[in-house]
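# Overview (structure and organization)
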Amino acid sequence: MTADAGTPVPGPARDGQAAADATTAADREIELAISGMTCASCAHRIERKLNKLDGVSASVNYATEKARVAYPEGVSPERLVETVEAAGYQAVLPAAPESGHAGAEHGDTPESADREADTLRTRLIAALLLSVPVIVLAMVPPLQFDNWQWASLTLASPVVVWAAWPFHRAALVNLRHGAATMDTLVSMGVSAAYAWSVYALFFGHAGMPGMTHAFEFTIERGDGGANIYLEVAAGVTTFLLAGRYFEARAKRRAGAALRALLELGAKDVGVLRDGREERVPVDRLAVGDRFVVRPGEKIATDGVVVDGVSAVDASMLTGESVPVEVTEGDSVVGATVNQGGRLVVEATRVGGDTRLAQMAKLVEDAQAGKAEVQRLADRISGVFVPVVVVLALGTLIGWLVANGDVQAAFTAAVAVLIIACPCALGLATPTALLVGTGRGAQLGILIKGPEVLESTRRVDTVVLDKTGTVTTAAMALSAVHVAGGADRAEVLRLAGAVENASSHPVARAVADAAEREVGPLPEVVEFATSNGLGVHGVVEGHAVVVGRAALARDWALTVPDELAAAQDAAERDGGTAVIVGWDGRARAVLVVRDEVKATSAEAVRRMRALGLRPVLLTGDNEAVARSVATQVGIDAPGDVIAEVLPEDKVAVVRRLQSEGRVVAMVGDGVNDAAALAAADLGLAMGTGTDVAIEAGDLTLVRGDLTAAADAIRLSRRTLRTIKGNLFWAFGYNVAALPLAAAGLLNPMLAGAAMALSSVFVVTNSLRLRRFS
């Protein structure tokens, strides 16, 4: 049995030091919820503003919309908020944590994130419905009826003014603070195309009845007053709104891991007061209170058992596949489940001090410490946007100085803005991501967002949780060693009958295997359990005992040497050995173990083929870990790490990272959540807990470890596609901008080139559908 693995609770000295350290850090560190950011360059700007304050060190995470700030005594939190607001964004101080709750969320709520996504969806749907007719009319001359251009103006105006307002608003905010982002270029390009179209309609020749709008794929100076570019203004807005909406959908999941963690805890508890049991909310529980935990109930908080004997299922927190036997004086952890008898527990830690709360804090810290989203388009835009704006103004002034032709000057300047307008850039990431994630979903792989892909390219080490990831997390009968003269079928029938009356996972494994092999099991009478050692009862006139060696000794069963040897061998190999006997003699040893998944060895082989170093990490004992590692092909001594607490799992990941390794973590339990968040790439088994799934970057729906290798391959392929798209988008801009500035690329051709670049990006992304 592995009763002790994964169950230790940090001692008082360690807890006191941790609390002191946390208090010291809290006096100097704060986390602000930031809103108003539209790209990674916004996060960089806020970071720079905060870091200019004396003694302040800030890290702003665009993905989670939070800023972690370390500050000296002379700087107040309010001043930090003022600094952020002075940069043109909003900041909210953390709310005071409520009693009984840890990691209280602050800033944007899930509801506000939903509202943001819903607002963007409304704008996107309206823009799509209005833009399609405008684009079709502009691109298909036979459909251009009399005064079609005025109909296009009517349809495009709401798109440019209302649907594109998020871009205009961000551009205005940036302008007030002397900054420029991709929003600035979008707003200028859309506005320029629309403004010139209005000019051409009202003051040029484009508004005349019977005007047609043919594509001219020529490089020549043209009369901009006869052309309108409403399809450019409406199309760019719609494409980029789509990208912004899909990004907002991904962001609405921020904080879900913490919410899932907190929901694991009990909601109310039966407290003993004046000899009576009183049900109270768990947040009213105090240190020293004694409370009752009935079979099947969650333990309300960390404490010590003062009365009762039971088996506690700690798998949700520790990853242990076998319940932990507890009796008076043993420590128990909040959120674990009492599977056996009635327990009375004295609370030793409540609220933010509990193990569950500490794990929630670990997840929060690990997520906040993730690298910022590395969007290539936003990084380059820091230089690209100002250059384009200066080039457009320079083109306008240059043409005016050269020949004084205002119309030609504006035509060339508009062509510069339109050809630079980042339609293809806006499509580069979302289209590849949508196709890649769609194909991944067909293969049982869920990719959370573009920031995930950056990590897959560099990953060289993959840490594998054992229980539920490499193994099935379900106990199963793996071997039956029968003494001389005993019959296997009879052993299974009698042992299965007794075990069938118990709900313990080991008992269920024996009973289920017996029923499959010998059929219906006989009835048991006088059934009883023996303090976590096993069970006994009378079956067909035999007093049958099934349990540990200590129980066999209590019943004076004679254990033959061959069975004793089988028991020792099984325990050395990491199995759980159960002795079966009756009529004063042991008849067999049953070996139960958490079985290795059939695909795990193949998965490890595929990971090695990808250049990854597999490491097995588990809260289980050393013997079990070594046995499982051998079966799947992990044989290097340093690649098997056993008997680790959740905190230690994070430490292992960070130690590997400190050695210069880029670490992927594969896990399925609550105890893996913090490590999944701390790793450079977190892969959560979809058959595991919601907390692990939310904390991971990739979810493997099938629960098949071979999907982890496929996930890394797909992610790398998607990342290559995104980078190819971005290279094409920027390359086309760089090549076309000089032509536009020279007046050799009329705005109509610029709009066509922009549309073709978008078609290329979409087509390139669709190639991911062939991934297998």
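Residues numbered from 1 in each chain as written. Predicted model: local features only at pLDDT ≥ 70, side-chain atom pairs only at ≥ 80, totals over all residues. Heavy atoms only, no water.

The name given to the protein chain in an unreviewed UniProt entry is Cation-transporting P-type ATPase B, with Prauserella rugosa as the source organism. Word for word, the UniProt comment on the protein chain under Catalytic activity (unreviewed entry) is "ATP + H2O = ADP + phosphate + H(+)". Under the UniProt heading Subcellular location (unreviewed entry), the entry covering the protein chain gives this text: "Cell membrane". (UniProt positions renumbered as here; feature names shortened; annotations may be inferred.)

When helices and strands are tallied, the protein chain shows 27 helices and 26 strands. When burial is assessed residue by residue, the protein chain has 54% of its 772 residues classed as buried. Relative to all contacts within the protein chain whose residues are 6 or more apart in sequence, the contacts with residues 24 or more apart total 71%. For the protein chain, the computed accessible surface area is about 31,400 Å², with 56% contributed by carbon and sulfur atoms. (Helix = DSSP H or I, 4+ residues; strand = E, 2+ residues; numbered from the N terminus. Buried < 20%, exposed > 50% of the residue type's maximum accessible area, 1.4 Å probe, protein only. Contact = heavy atoms within 4.5 Å. Areas by Shrake-Rupley, 256 points an atom, 1.4 Å probe, with all protein chains shown as cover.)

Turning next to helix α20 (residues 561-572). End to end, α20 covers 16 Å across twelve residues, agreeing with the expected 16 Å (1.5 Å per residue, within 8%). For α20, the set of buried residues is L563, A566, Q567 and A570. With its buried residues spanning 100° around the axis, α20 presents them on a single face. Of the residues in α20, the exposed ones pointing more than 90 degrees away from the buried face are D561 and R572. Each element contacted by the buried residues of α20 is listed here: β16 (471-482), α19 (549-554), β20 (576-582) and β21 (585-596). (Expected span 1.5 Å × (residues − 1). Arc of directions from axis to C-beta.)

We now examine the side chain of T354. Among the secondary structure elements, T354 is positioned in the loop between β13 (343-349) and α11 (355-368). Classification of T354 as buried rests on a relative accessible area of 10%. Engagement of the side chain of T354 in a polar contact is seen with the backbone oxygen of G351, the distance being 3.2 Å. Sequence-distant contacts of T354, that is, excluding residues within four places in its chain, are made with T301, D302 and R349. (Polar contact = N/O pair within 3.5 Å; in protein donor to acceptor, adjacent residues only side chain to side chain.)

Moving on, we get to the packing of aromatic side chains. Under the criterion given, the structure shown has three aromatic pairs. When the centroid spacing of 5.2 Å and the interplanar angle of 80° are considered together, the rings of W150 and F202 count as edge-to-face. Of this pair, W150 sits in helix α5 (residues 148-163) while F202 sits in helix α7 (residues 182-202), and the two are 52 residues apart along the sequence. Ring centres of W196 and Y199 lie 4.7 Å apart, and the angle between their planes is 40°; on these two criteria the pair is classed as tilted. You can see W196 and its partner Y199 sitting in helix α7, three residues apart, about one turn around the helix. A relative accessible area of 29% means that Y199 is categorised as partly exposed. In this structure an aromatic cluster arises from ring pairing among W196, Y199 and F203. One cation-aromatic arrangement involves R123 over W162; the distance from NZ or CZ to the ring centre is 5.0 Å. (Phe/Tyr/Trp six-rings, centres within 6.5 Å; stacked < 30°, edge-to-face > 60°. Lys NZ or Arg CZ within 6 Å of the ring centre and 35° of its normal.)

Spatial strand order, β10-β9-β12: three strands in an open sheet with antiparallel pairing. Of all the strands in the sheet, just β10 (324-326) and β12 (337-338) have a single pairing partner and so form its edges. (Pairing = 2+ DSSP bridges.)

As a further point, take a positive patch on the surface. There is a patch of like positive charges on the surface, built from R717, R720, R767 and R770. Along the chain, R767 turns up in the segment after α27 (747-766). (Patch = residues over 30% accessible without salt bridge, like charges linked within 9 Å, V, L, I, M, F, W, Y side chains within 5 Å. Salt bridge = Lys/Arg side-chain N within 4 Å of Asp/Glu carboxyl O. Lys, Arg positive; Asp, Glu negative; His and termini not counted. Charge placed at Lys NZ, Arg CZ, Asp CG, Glu CD.)

As a packed pair, helix α17 (residues 488-499) and helix α18 (residues 505-518) sit with axes 8 Å apart at the nearest point and diverge in direction by 135°. With respect to α18, the axis of α17 lies oblique. Of the two elements, α17 crosses α18, and the hand of that crossing is left-handed. Contacts between α17 and α18 involve R488, A489, L492, R493, A495, G496 and E499 from the former and V506, A507, R508, V510, A511, A514, E517 and V518 from the latter. In terms of residue class, the contact of α17 with α18 is built from nine nonpolar, one polar and five charged. (Axes fitted to C-alpha atoms, helices over the stretch in contact; angles between N-to-C directions. Parallel < 35°, antiparallel > 145°, perpendicular 65-115°, else oblique. Left-handed = near helix turned anticlockwise from the far one by under 90°. Nonpolar A, V, L, I, M, F, W, Y, C, P; charged D, E, K, R; others polar.)

The next thing to look at is the environment of V640. Among the secondary structure elements, V640 is positioned in strand β23 (residues 640-641). Assessed through its relative accessible area of 7%, V640 is described here as buried. Each C-alpha atom of the pair V640 and L464 lies 9.6 Å from the other, and the pair is 176 residues apart in sequence. Ignoring any residue separated from it by four or fewer positions in sequence, one finds V640 in contact with L616, A625, R626, A629 and I634.

Let us look at the UniProt feature "transmembrane region" (unreviewed entry) in the protein chain. Here the UniProt-annotated "transmembrane region" (unreviewed entry) positions come out as residues 124-142, 148-165, 185-208, 228-246, 380-402, 408-435, 725-742 and 748-766. As annotated, residues 725-742 comprises 94% helix and 0% strand, and the C-alpha atoms at either end are separated by 26 Å.

Turning our attention to the sheet that holds β21. Read across the open sheet, the six strands follow the order β16-β21-β20-β19-β18-β17; overall the sheet is antiparallel. Since the sheet does not close on itself, it has two edges, and those belong to β16 and β17 (525-529), each with one partner. In this sheet, neighbouring strand axes are inclined to one another by 15° on average, regardless of whether the strands run parallel or antiparallel. Pairing between β17 and strand β18 (residues 534-539): three bridges, direction antiparallel. Of the residues in β18, the one forming a bridge with V525 is V538. Against the sheet, α20 contacts β16, β20 and β21, and its axis sits at roughly 15° relative to β21.

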